[in-house]
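Here's the letter readout for the chains.
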Amino acid sequence: MRVSEEVAEALAAGRPVVALESTIISHGLPQPRNLQVALELEEIVREAGAVPATVAVLDGVPRVGLDKDGLDRIATEPGLRKLGYRDLAPAAALGLSGATTVSGTSFLAARAGVRVFATGGLGGVHRGWTTVQDESADIDTLGRTRITVVCAGVKSILDVPATLQRLETKQVSVVGYRTDEFPGFYLHSSGEPVDWRVETPEEAAGIMRAQDALGGLETALIVANPVPADLQLDPDLHDRVLAEGLRAAEERGVTGQAITPFLLEYLVEGTDGASLEANLAAVRGNTALAGRIAAAWAAG
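Residues numbered from 1 in each chain as written. Predicted model: local features only at pLDDT ≥ 70, side-chain atom pairs only at ≥ 80, totals over all residues. Heavy atoms only, no water.

Participant: Quick one: what's the story with the pattern of salt bridges, residue by residue and with numbers?
Facilitator: Overall, the coordinates contain 14 salt bridges when judged by the stated rule. Of the charged contacts in the structure, one is a salt bridge between Asp59 and Arg73, with a shortest N-O distance of 2.9 Å. Here Asp59 is found in the loop between strand 3 (51-58) and strand 4 (61-64), whereas its partner Arg73 is found in helix 4 (residues 68-76), with 14 residues between them in sequence. Measuring nitrogen to oxygen at the nearest pair gives 3.0 Å for the salt bridge that ties Arg146 to Asp212. (Salt bridge = Lys/Arg side-chain N within 4 Å of Asp/Glu carboxyl O. Helix = DSSP H or I, 4+ residues; strand = E, 2+ residues; numbered from the N terminus.)

Participant: Break down helix 3 (residues 33-47) for me, with residues and values.
Facilitator: Under the 1.5 Å per step criterion, the end-to-end length of helix 3 is 21 Å for 15 residues, consistent within 8% with the ideal 21 Å. What helix 3 keeps buried is the set Asn34, Leu35, Val37, Ala38, Leu41, Glu42, Ile44 and Val45. The secondary structure elements touched by the buried residues of helix 3 are strand 2 (17-20), helix 2 (23-26), strand 3, helix 4 and helix 13 (274-298). Trailing helix 3 by a residue or two, Gly49 shows a phi angle of about 90 degrees, which is positive. (Expected span 1.5 Å × (residues − 1). Buried < 20%, exposed > 50% of the residue type's maximum accessible area, 1.4 Å probe, protein only. Contact = heavy atoms within 4.5 Å.)

Participant: Describe the packing of aromatic side chains, listing the residues and the values that go with them.
Facilitator: Considering all chains together, one arrives at 3 aromatic pairs under this definition. Measuring from ring centre to ring centre gives 4.6 Å for Phe185 and Tyr186, while their planes differ by 50 degrees; the resulting arrangement is tilted. With a relative accessible area of 3%, Phe185 lands in the buried category. For Tyr186, a relative accessible area of 3% translates into the label buried. Measuring from ring centre to ring centre gives 6.0 Å for Phe262 and Tyr266, while their planes differ by 40 degrees; the resulting arrangement is tilted. Remark: Tyr266 and Phe262 occur in helix 12 (residues 259-270); sequence separation between them is 4 residues, near one turn of the helix. A relative accessible area of 23% places Tyr266 in the partly exposed class. Arg115 extends its terminal NZ or CZ atom over the ring of Trp297, reaching a point 4.6 Å from the ring centre. A cation over a ring is seen here: Lys155 above Phe185, with NZ or CZ 5.9 Å from the ring centre. (Phe/Tyr/Trp six-rings, centres within 6.5 Å; stacked < 30°, edge-to-face > 60°. Lys NZ or Arg CZ within 6 Å of the ring centre and 35° of its normal.)

Dropping the structure here:
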């Protein structure tokens, strides 16, 4: 694993660092906007007083912190794989390049000593789990990795109540940031309650310290930060297009790993890009909050 000089220096000096995933760059946005957003998110981290550490694998080498050339490659190189935790070893052994998902990013960031990670939404339990038992690897990795993930909940195409149950089973702590309800990714709220609430980055950092002081299982902390209500996707539009997308997926036989990108693309097209804008609003807010939490954590 290669940690960039800037990130390594910040970690050695105890300065705040925020990990950023790279899948949103390679697979989540069209060119050239994807590179613009990648640079924007790194700048948001800097404005919050932290150092950005975008994570990816280039030529078989896991990277924590990318320079401009690395970001360019992730944004423009064709055929990049999406790398979860299980894919890291094959990619390394075969010298391949890829963008890291939540599970891949969480593992590599934690291995490098980065404690805070900002993303859009987590993966989780898919609808119809009792039939196909399709569950994101994010959940298992977060049940084994001591990292704080700032997110806007889980992708709304998933089974949110079942995902929260699985996170509970995996002993992953979930707190709402200034909310008593779990966010709905594109939506301000999923309607599902959360057991714990924090009002400030300092309170989130305090929970991180308590995790370490208590010891025990090396599990994650999820800080669920809702997209602002005035920037969310219209709930009625969301529900209508998602229902149409689920029917289309069933009719076309789309299953397994193909279902998530299919439904996300269906939402983008069916909402004339409004879902993408809500996604970006959530990612920006999560990135800014992660920077403030990292700063509070580093302040001790």
